[in-house]
Amino acid sequence: MTALLEVEGLQKRFGGVVAVDDCSFGVEPGTITGLIGPNGSGKTTVFNLATGYEPADRGVVRFGGRPVSRPNPSRLARRGLIRTFQQARVFPQLTVLENLVLAIPQPWWNAGRIRASRAEQERAHEVLADFNLAPYAHTNAAELSFGQRKLLEFAATLMGRPRLVLLDEPTAGVNPILIATMERHIRRLNAEGLTFLVVEHDMPLVMRLCDPVIVLDHGTKLAQGPPAEIQSNPDVLDAYLGA
């Protein structure tokens, strides 16, 4: 099976610091793939390189079997690859509904359009209902709690009907009820065919949700496999779990 997302030989330096070093892995379609590692192991930088938010110094990114010569967030979103961030990126002075409309991938000449077609409005209301955010449709995002903003950002990724969603610490800083809500949505959407790559520090969540799990250490892949295998891998225990 061809990987939906492949990174091969990625490298990124920041001055004298090597953040990502010859990193290679693939995300198979239909999976919830976990990406874990200690702080500073390069997880978010890999996300940035794969989605075009930062240029790689070296290496290749492929999406859907096609090389991405110059990764660009907008172009990749239109192709079906989209991500979230550790700190939810929403437009606080726009309503929840307007945030969803703005998240619909558009050609460059139409970027920033808030007016939505009837079909787009129907799609937005459908997504809001799925995420129990419908009562807040006309509320400014600034009035939402931190956890609700993270839910809104997650919901916004679905507006373009993506093939792959990269979630960067989706449950960080949210309460246990919202963690369970996030997990339920990820499982439901995956059952409907959506592929996920998830960076997460909540190890119990990763080990029950993700398969396979990829471990990064010092910017390169240390291990990859099923959760039980990762939990018993001596290299992982030494580098990450502190055993």
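Residues numbered from 1 in each chain as written. Predicted model: local features only at pLDDT ≥ 70, side-chain atom pairs only at ≥ 80, totals over all residues. Heavy atoms only, no water.

**Quick look at the nonpolar core**
Inference 1: Counting residues in each nonpolar core, the largest one holds 46 residues, and the members touching the most others are Ile36, Leu100, Phe131, Leu152, Phe154, Phe196 and Ile230.
Inference 2: Of all hydrophobic cores here, the second largest spans 25 residues; its members include Leu4, Cys23, Leu166 and Ile214. (Core = buried A, V, L, I, M, F, W, Y, C linked by side-chain atoms within 4.5 Å. Buried < 20%, exposed > 50% of the residue type's maximum accessible area, 1.4 Å probe, protein only.)

**Looking at the side chain of Asn190**
Inference 1: Within the element layout of this structure, Asn190 appears in helix α6 (residues 176-191).
Inference 2: Judged by its relative accessible area of 18%, Asn190 falls in the buried class.
Inference 3: In contact with Asn190, not counting residues within four places along its chain, are Gly30, Thr31, Ile32 and Phe196. (Helix = DSSP H or I, 4+ residues; strand = E, 2+ residues; numbered from the N terminus. Contact = heavy atoms within 4.5 Å.)

**Let's talk about α6**
Inference 1: In this model, α6 (16 residues) spans 23 Å end to end at C-alpha, consistent with the 22 Å of a helix rising 1.5 Å per residue.
Inference 2: The N-cap of α6, judged by a side-chain oxygen 3.0 Å from the amide nitrogen of Ile177 a few residues on, is Asn175.
Inference 3: Immediately downstream of α6, the backbone of Gly193 shows phi near 115°, a positive value. (Expected span 1.5 Å × (residues − 1). Polar contact = N/O pair within 3.5 Å; in protein donor to acceptor, adjacent residues only side chain to side chain.)

**A closer look at the sheet that holds strand β4 (residues 58-63)**
Inference 1: With respect to topology, 4 strands assemble into an open sheet ordered β2-β1-β4-β5, the strand pairing being antiparallel. Among the strands making up the open sheet, the edge pair consists of β2 (17-27) and β5 (66-67).
Inference 2: Where strand β1 (residues 5-14) meets β4, 5 bridges bridge the pair, whose relative direction is antiparallel. By the bridge assignment for β4, Leu5 is matched with Phe63.
Inference 3: Those strands touched by helix α1 (residues 43-51) are β1, β2 and β4, and its axis lies near 65° from that of β2. (Pairing = 2+ DSSP bridges. Axes fitted to C-alpha atoms, helices over the stretch in contact; angles between N-to-C directions.)

**What about the sheet that holds strand β10 (residues 220-225)?**
Inference 1: The mixed open sheet is built from 6 strands, whose spatial order is β6-β7-β8-β3-β9-β10. Edge positions in the sheet fall to β6 (81-83) and β10, since each of these pairs with one other strand and no more. Averaged over neighbouring strand pairs, the angle between their axes works out to 20° when direction is ignored.
Inference 2: Pairing between strand β3 (residues 32-36) and strand β8 (residues 195-199): 4 bridges, direction parallel. Counterpart to Leu35 in the pairing with β8 is Val199.
Inference 3: Contacts from helix α5 (residues 146-157) reach β6, β7 (164-168) and β8 within the one sheet, and its direction differs from that of β7 by about 160°.

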